[in-house]
Amino acid sequence: MIYFDNAATTAPFKEALQTYMMTSERYFYNTASIHQSGKDAARLLEAARGQILDLMDLKNYDLVFTSSATESNNIALQSMLRRKKPFGKTILTSELEHPSIVNVLEEMKQDGFTVKYIKTTESGTVDLSHLRTLMDSDVVFVTVMAVNNIIGSVQPIQDIILILQDYPKVHFHVDATQAIGKADIDYNGADTMSISAHKFNGVKGAGGLFVRDLATLKPVQYGGGHEYNVRSGTVNLPAIAAMAKALRLTLSEARLVNQRLKDYNLKIRAAVKDLKAVYVQPKDAPYIVNVSFIGAKGEVVVNALSKRGIAVSTTSACASKLATLNETLLALHNSDEVIEGSIRISMGRTTSEEDVEQLITALKEVYEELGDVLK
Ligand code: PLP
């Protein structure tokens, strides 16, 4: 199978798998145990934490290890909002967020919060002037993703931080799940930030929540309090050690990989440009190309490509089982037909020129095959 679904998940680096295996064998101990082996495991955990904070250049932050970005987002949103309630009830977010943000905010509405959406520009970024007009004394929380998982647009995180400087009681959360190695973003100034190892060629089961002031967080699930009394449960040391390794490798090769993916991105765009039914979404981070077969269903295109040995996704793996129209594409004012016919092609570090050639050939074949269905 030629894999073009890297925004859903990525293949682990061999080195990350080796770290995972080695840590599982030699450091399987519980980092909370006070015997020597537990202490050795705890030392390894702290080394991984320090490395990740250094690599992300977030030296004044703490890092809470979690199981996934979904968990990190939940901790940041649920715990902060509980604390913020006496100070205001308005939450601002973009129209582009992942379900692990949107669905928490929906739940928060039941608790009396008001959620307002910052408008989206034509290039798929948050409209900063609209953000400014939404800011008032009732706003306590702003959450915006760093890179969008459907079209790859890169959000102006530092511009948002600058605007929020005038509102010290506002907590700013960034979901950076899709951004690691894809966009060079400075997160200093955000209050919390989420990452997930399996999106940057680590192994599944490890995520992180970077926190500017640990004292502001409350647990959302109670137990032994392993991670700074914020997150309970025996830590997944092998996956965390592998995450530190994957992060180092990802960041060290990012410039070269992105240059290559940029060329491939342009190549795919050029190839579909002349097909009348195909509409290509705006983009920023080069690893995603979103293409619509207008008149067809995205699912049909995904299956037709799958039969040819090519894996792409409809909108996102998490949402592809839901029958609703994709919200990112709606925010960009696409017609229902464009959204229904859209597929997401997402490349990664192992994508080769030959893979891209085969994808282009298959896209053209599927286009011909769909024939009269297309408009
Ligand atoms: N946030 C974004 C933007 C994502 O794309 C995803 C996964 O697709 C997540 C959060 C959830 O990540 P995880 O699979 O680690 O829970």
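Basis of the calculations
Residues numbered from 1 in each chain as written. Predicted model: local features only at pLDDT ≥ 70, side-chain atom pairs only at ≥ 80, totals over all residues. Helix = DSSP H or I, 4+ residues; strand = E, 2+ residues; numbered from the N terminus. Rg over C-alpha atoms; globule rule 2.2 N^0.38 Å. Buried ≥ 20, exposed ≤ 12 C-beta atoms within 10 Å, placed from the backbone. Contact = placed C-beta atoms within 7 Å. Domains from an automatic or database assignment. Nonpolar A, V, L, I, M, F, W, Y, C, P; charged D, E, K, R; others polar. Core = buried A, V, L, I, M, F, W, Y, C linked by C-beta atoms within 7 Å. Pairing = 2+ DSSP bridges. Axes fitted to C-alpha atoms, helices over the stretch in contact; angles between N-to-C directions. Right-handed = clockwise from strand over helix to strand, strands pointing away. Near = placed C-beta within 6 Å. Arc of directions from axis to C-beta.

A separate point is the overall build of the protein chain. The secondary structure content of the protein chain amounts to eleven helices and twelve strands. Relative to the globule expectation of 21 Å for 375 residues, the C-alpha radius of gyration of the protein chain, 21 Å, shows essentially globular dimensions. Projected onto its principal axes, the C-alpha positions of the protein chain cover 65 × 50 × 35 Å. Out of the 375 residues in the protein chain, the part that is buried amounts to 47%. Within the protein chain, contacts between residues at least 6 apart in sequence are counted, and of these 73% link residues at least 24 apart.

Moving on, we come to the domain arrangement of the protein chain. Along its sequence, the protein chain is carved into domain 1 (2-8 + 254-373) and domain 2 (14-249). Using only C-alpha atoms to locate each centre, domain 1 and domain 2 end up separated by 28 Å. Counting residues at the interface gives 22 residues for domain 1 and 20 residues for domain 2. It is helix H9 (residues 327-331) that contributes the most residues to the side of domain 1 that touches domain 2, four residues altogether. When the residues that make up the side of domain 1 that touches domain 2 are grouped by side-chain class, the tally is eleven nonpolar, six polar and five charged.

Moving on to the nonpolar core. Core analysis: the biggest nonpolar cluster contains 103 residues, and Ala-146, Val-174, Ile-240, Ala-242 and Met-243 have the highest contact counts within it. It is helix H7 (residues 237-272) that provides the largest number of residues to this core, a total of twelve residues. Residue assignment places this core across two domains, with domain 1 (2-8 + 254-373) and domain 2 (14-249) each supplying three or more. Setting aside residues no more than four positions away along its own chain, Ile-240 makes contact with Leu-45, Ala-48, Phe-65, Ala-206 and Val-235.

In spatial order, the strands read S2-S8-S7-S6-S5-S3-S4; together these seven strands make up an open sheet with mixed pairing. Edge positions in the sheet fall to strand S2 (62-66) and strand S4 (114-118), since each has one partner strand and no second. Across the sheet, the axes of successive neighbouring strands diverge by a mean angle of 20°, strand direction being ignored. In this structure, strand S6 (residues 171-175) lies alongside strand S7 (residues 192-196), joined through three bridges in parallel fashion. If you follow His-173 over to S7, its bridge partner there is Thr-192.

Two faces, one strand: in a regular strand the side chains alternate between the faces of the sheet. Within strand S5 (residues 139-145), seven of the seven residues are buried, leaving the element largely enclosed by the surrounding structure. Alignment of strand S3 (residues 90-94) against S5, held across four bridges, turns out to be parallel. Counted as the bridge partner of Leu-92 is Val-142 from S5. Running through helix H6 (residues 157-164), the crossover from S5 to the neighbouring parallel element S6 is right-handed.

Below, the discussion takes up the site of the ligand. The immediate surroundings of the ligand are formed by 14 residues, with Ser-68, Ala-69, Thr-70, Asn-149 and Ser-196 found nearest. Classifying every residue of the shell around the ligand by side-chain character gives three nonpolar, ten polar and one charged.

Every buried residue belonging to H6 is among Ile-157, Ile-160 and Leu-164, and all of these are buried. Within H6, the buried residues cover an arc of 60° as seen down the axis, which keeps them to one side. Where H6 is buried, its residues meet helix H5 (128-134), S5 and S6.

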